[in-house]
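Chain by chain, the residues run as shown.
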Amino acid sequence: MQATSALREPLVTGGKTVKDVSHDISRQVEGKPTKLWLMAMAVSLVLLLWGAYCCAMLLWHGIGVWGLNKTVGWAWDITNFVWWVGIGHAGTLISAILLLFRQRWRMSINRAAEAMTIFAVICAASFPLFHMGRLWLGFYWVLPLPNAFGSLWVNFNSPLLWDVFAVSTYFIVSLVFWYVGLIPDFAVIRDRAVVQGNNIRAQVYNALSFGWQGGAKTWMRYESVALILAGLSTPLVLSVHTIVSMDFATSVVPGWHTTIFPPYFVAGAIFSGFAMVLTLVLVTRKVFHLEDYITIGHVELMNIIIIVTGSIVGIAYITELFIAWYSGVEYEGYAFYNRVSGPYAWAYWSMMTCNVISPQLFWIKKIRTSLVATFVLSIVVNIGMWFERFVIIVTSLHRDYIPSSWTMFYPTMYDIGQYIFTFGIFFTAYFLFSKFFPVVNMAEVKSIIRSTSEKS
Amino acid sequence: MESDKHFVVGIFDNEDVLLSGIKKVRDSGIKILEVYSPFPVHGIEEALGYKRSRLPIAAFLFGLTGTSLGLLMQIWMMGYDWPMIIGGKNFASLPPFIPVIFELTVLLSALGMVGTFMIVSDMKPYKWPRQFDIRSTDDKHVMAIDLDVNAGKSKDELKRLLKDSGASEANEKSFD
């Protein structure tokens, strides 16, 4: 029924049968945690605790403990917010857009990528919430609720409010999409637990699977749900970073006030998201021995997406420079002259090297199919993308309209501490996920094994 | 409801055999209760004669609710309940409202559709499913035939029919 080509390499190698898939993926959920996992978890918890201390100090003393000043009122907080939201773009892109394009190689990596998306969005959301100073009020200040302290509504003309709706919708829909995908796989672990006689695990995973049975009618509805969720998530993914970019693009700050921002931010988001997926997937693959499921072919395809999006980002940088000169606007021209040659030139050229030059190395097949090179470059790309946001935000702000306000930004240990805090959240959540949840979508991989191995 | 339910269960190893098996079983006038598979099998809904799911309609209606809700909420709050002058802009103009309308459309559509799916498929965290064969989530396709519905046939007849249709095993299963 499924047309397969003899020329294409199989998506899953090692001659796996359907039974092998259940076994290979469920194994690490059922086994005792390995030493490596415990060590990784301990490191993440140390990061989390240190970060929690910094956050507690921040809440106690107020955001004055950050290195912000009158001129640079936004720095690491929003840099990190945009960086994490950007990373959070790959998961839903892989599972939604690649589903609509019928790219079946997504099936081995979509689970881990979606989990990464959800954790990255949680990390991102923590920055604006902490920046509001009073975390416990932040949750309802941003919602359109009748305000008990004077009946004012939130301002729907503000891009910051659009951000609230975009990021929270993205988080909820991604979470639902991810969970719906997990339901049949939880049932696999439940049934294996029944066979193994582990009653507690069977009960827990049955509750997680909502009593999934896998009837043909349910599968039919399930597929229809997955397709529509993909259709809804596709414009959603594109809308989120578009709206994030409007936080800047609708302002009148030189260097921010440009119409190129929405597509440029979306491409950058996919670029950094895929880099983070590669970083995590390469480690997950090694630790859980998933070499047959996440093959060099998968890594290569993701690297090709990195070349494409990295080149779009590179063109956007050059376009910005060109337009700053061509527009003849003095302020815009100065903002970019200052970026390239001012006191933050080191950040600008780090960004250029990491984001524009380094991904071009993937044109060489040897580098694109090398795991070590991919791992190193995936981290380099994310360093570059962090600098991109830092450059856009801080260099535009630190040269105010009045030269007497000109200043520099220096992060304090609380700026750094909070960034570390989000790494703590991210890695703790990811390691918990990879231990207790199936890291590869078993049902989908089983469906491709049938049509690829048995027909050939 | 009866206290005892009896079923005949056919185990199929392969989806192609399953699809032809379903056809054979249905052609001989037997009503299949349901087929349980570890992964979605393409073409099984036609083979079993299921109608297309109407969940897309539910998704559309929930989405439409989100669109209207977003539009009305913003016009009412910004235009009527507490109009504020912000940069001399119109109190209620459409362009700045579009992002929130779009997000609410997606949110309500997704949540409403998944909620509907859970309800119509009777999925609850505290429900233990009636498992005809434990291997149906692992690697086997399991066809369940209710004996009460197919009263004219004996267990042995049904088992023979399942074997002839390509089932690797044919078992009996009862529930209290």
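Owing to the predicted nature of the structure, the values given are computational and were not obtained by experimental measurement. (Residues numbered from 1 in each chain as written. Chains lettered and ligands numbered in written order. Predicted model: local features only at pLDDT ≥ 70, side-chain atom pairs only at ≥ 80, totals over all residues.)

Trainee: Explain the overall build of chain A here, please?
Mentor: A count of helices and strands for chain A gives 17 helices and 0 strands. Here the C-alpha radius of gyration of chain A, 23 Å, is about what a compact globule of 456 residues would show, namely 23 Å. Taken over the C-alpha atoms alone, chain A extends approximately 75 × 55 × 40 Å along its principal axes. Relative to its 456 residues, chain A shows a buried fraction of 50%. (Helix = DSSP H or I, 4+ residues; strand = E, 2+ residues; numbered from the N terminus. Rg over C-alpha atoms; globule rule 2.2 N^0.38 Å. Buried ≥ 20, exposed ≤ 12 C-beta atoms within 10 Å, placed from the backbone.)

Trainee: Please clarify how the overall build of chain B should be interpreted in this entry.
Mentor: When you go through chain B residue by residue, the secondary structure sums to 5 helices and 4 strands. Traced from its N-terminal end to its C-terminal end, chain B shows the element sequence β-α-β-α-α-α-β-α-β. Taking 176 residues into account, the globule formula puts the C-alpha radius of gyration at 16 Å, and chain B, at 25 Å, lies well above it. Counting only C-alpha atoms, chain B reaches 85 × 35 × 30 Å along its principal axes. Every one of the 176 residues in chain B was classed for burial, and the buried ones make up 38%. Taking as baseline every contact in chain B between residues at least 6 positions apart, the subset at least 24 positions apart corresponds to 82%. (Contact = placed C-beta atoms within 7 Å.)

Trainee: Teacher, can you tell me more about the environment of T234 of chain A here?
Mentor: Residues and elements named next belong to chain A. Within the secondary structure layout, T234 lies in helix α9 (residues 216-249). For the pair T234 and P184, spaced 50 residues apart in sequence, the C-alpha to C-alpha distance is 23 Å. For T234, the contacting residues outside a window of four places in its chain are A96, I97 and L100.

Trainee: Hey, could you run me through the packing of helix α3 (residues 76-87) of chain A against helix α5 (residues 110-131) of chain A in this one?
Mentor: Two quantities define a packed helix pair, namely the angle between the axes and the distance from one axis to the other. All names here are of chain A. At a minimum axis separation of 7 Å, α3 and α5 run at an interaxial angle of 155 degrees. Judged by the angle between their axes, α3 and α5 are roughly antiparallel. For the crossing formed where α3 meets α5, the hand is left-handed. For the pair α3 and α5, the contacting residues are D77, I78, N80, F81, W84, V85 and I87 in the first and A120, V121, C123, A124, F127, P128 and H131 in the second. For the contact of α3 with α5, the residue count by class is 11 nonpolar, 2 polar and 1 charged. (Axes fitted to C-alpha atoms, helices over the stretch in contact; angles between N-to-C directions. Parallel < 35°, antiparallel > 145°, perpendicular 65-115°, else oblique. Left-handed = near helix turned anticlockwise from the far one by under 90°. Nonpolar A, V, L, I, M, F, W, Y, C, P; charged D, E, K, R; others polar.)

Trainee: How should I be thinking about unusual backbone geometry in this particular structure?
Mentor: The residue H289 of chain A is not glycine, and still its phi comes out positive at about 55 degrees. Residues other than glycine seldom take positive phi values, yet D122 of chain B does so here, at roughly 55 degrees. With respect to the helices and strands, D122 of chain B occurs in the loop between α4 (98-120) and β3 (141-146).

Trainee: Teacher, can you tell me more about the interface of chain B and chain A here?
Mentor: Between chain B and chain A, the residue contacts involve 55 residues of the former and 52 residues of the latter. Counting residues per element, the ones that place at least two in the side of chain B that touches chain A are β2 (34-36), α2 (44-48), α3 (55-81) and α4 of chain B. Counting residues per element, the side of chain B that touches chain A draws most heavily on α4 of chain B, which supplies 14 residues. When grouped by side-chain class, the residues that make up the side of chain B that touches chain A number 36 nonpolar, 9 polar and 10 charged.

Trainee: Please explain the nonpolar core as it appears in this structure.
Mentor: Within soluble globular proteins, side chains that are nonpolar generally end up buried alongside one another. Ranked by size, the top nonpolar core spans 183 residues in total, and within it M116, A124, V167, F274 and V277 of chain A together with M113 of chain B carry the most contacts. Residue contributions to this core peak at 17 residues, all from helix α7 (residues 159-196) of chain A. Mapped onto the domain boundaries, this core takes at least three residues apiece from domain 1 (5-50 + 129-175) and domain 2 (55-120) of chain B. Contact partners of F274 of chain A, with chain neighbours within four places excluded, come to A90, M302, I305 and I306 of chain A. (Core = buried A, V, L, I, M, F, W, Y, C linked by C-beta atoms within 7 Å. Domains from an automatic or database assignment.)

Trainee: In this structure, what is going on with the domain arrangement of chain B? I would like to understand it.
Mentor: When the parts of a complex come together, some accessible area is lost, and that lost area is often taken as the interface size. What the domain assignment reports for chain B is domain 1 (5-50 + 129-175) and domain 2 (55-120). Between domain 1 of chain B and domain 2 of chain B, the C-alpha centre-to-centre distance is 46 Å.

Trainee: Would you mind showing me how to read the sheet that holds β2 of chain B here?
Mentor: By way of backbone hydrogen bonds, the strands of a sheet pair with one another, either parallel or antiparallel. Residue and element names in this part refer to chain B. On the basis of which strands lie adjacent, the open sheet formed by 4 strands has the order β2-β3-β1-β4 and antiparallel pairing. The open sheet has two edge strands with one neighbour each: β2 and β4 (169-175). Recorded for the sheet is a direction-independent mean angle of 25 degrees between the axes of neighbouring strands. As paired strands, β2 and β3 are joined by 3 bridges and run antiparallel to one another. (Pairing = 2+ DSSP bridges.)

Trainee: Help me out: how do you make sense of the confidence of the model for chain A in this one?
Mentor: Detailed reading of the predicted coordinates is not advisable wherever pLDDT is low. Averaged over chain A, the pLDDT score is 88; the fraction of residues at 70 or greater is 95%. Across residues 452-456 of chain A the pLDDT falls below 50, and counting only partners more than four positions away or on other chains, this stretch makes 9 contacts in the model. (pLDDT = per-residue confidence, 0-100.)

Trainee: Quick question: what am I supposed to make of the environment of M132 of chain A here?
Mentor: Residues and elements named next belong to chain A. Inspection of the secondary structure puts M132 in the loop between α5 and α6 (135-141). Given 15 C-beta atoms within 10 Å, M132 falls into the partly exposed group. As for M132 and L59, which are separated by 73 residues in sequence, their C-alpha atoms are 9.8 Å apart.

Trainee: How do you make sense of the confidence of the model for chain B when you look at a structure like this?
Mentor: Residues and elements named next belong to chain B. With 97% of its residues at a pLDDT of 70 or more, chain B shows a mean pLDDT of 86. Averaged pLDDT values for the elements of chain B fall to 81 in β4 and rise to 94 in α4. Scored as a whole, the predicted complex attains pTM 0.91, and scored at its interfaces, ipTM 0.91.

Trainee: Is there a simple way to explain the packing of α3 of chain A against helix α16 (residues 413-436) of chain A in this structure?
Mentor: Residue and element names in this part refer to chain A. Where α3 contacts α16, the axes come no closer than 10 Å and their chain directions differ by 20 degrees. Classified by the angle between their axes, α3 and α16 sit roughly parallel to one another. Relative to α16, α3 is oriented so that their crossing is right-handed. Residues W76, N80 and W84 of α3 pack against D415, Y419 and T422 of α16. Residue classes in the contact of α3 with α16 are distributed as 3 nonpolar, 2 polar and 1 charged.

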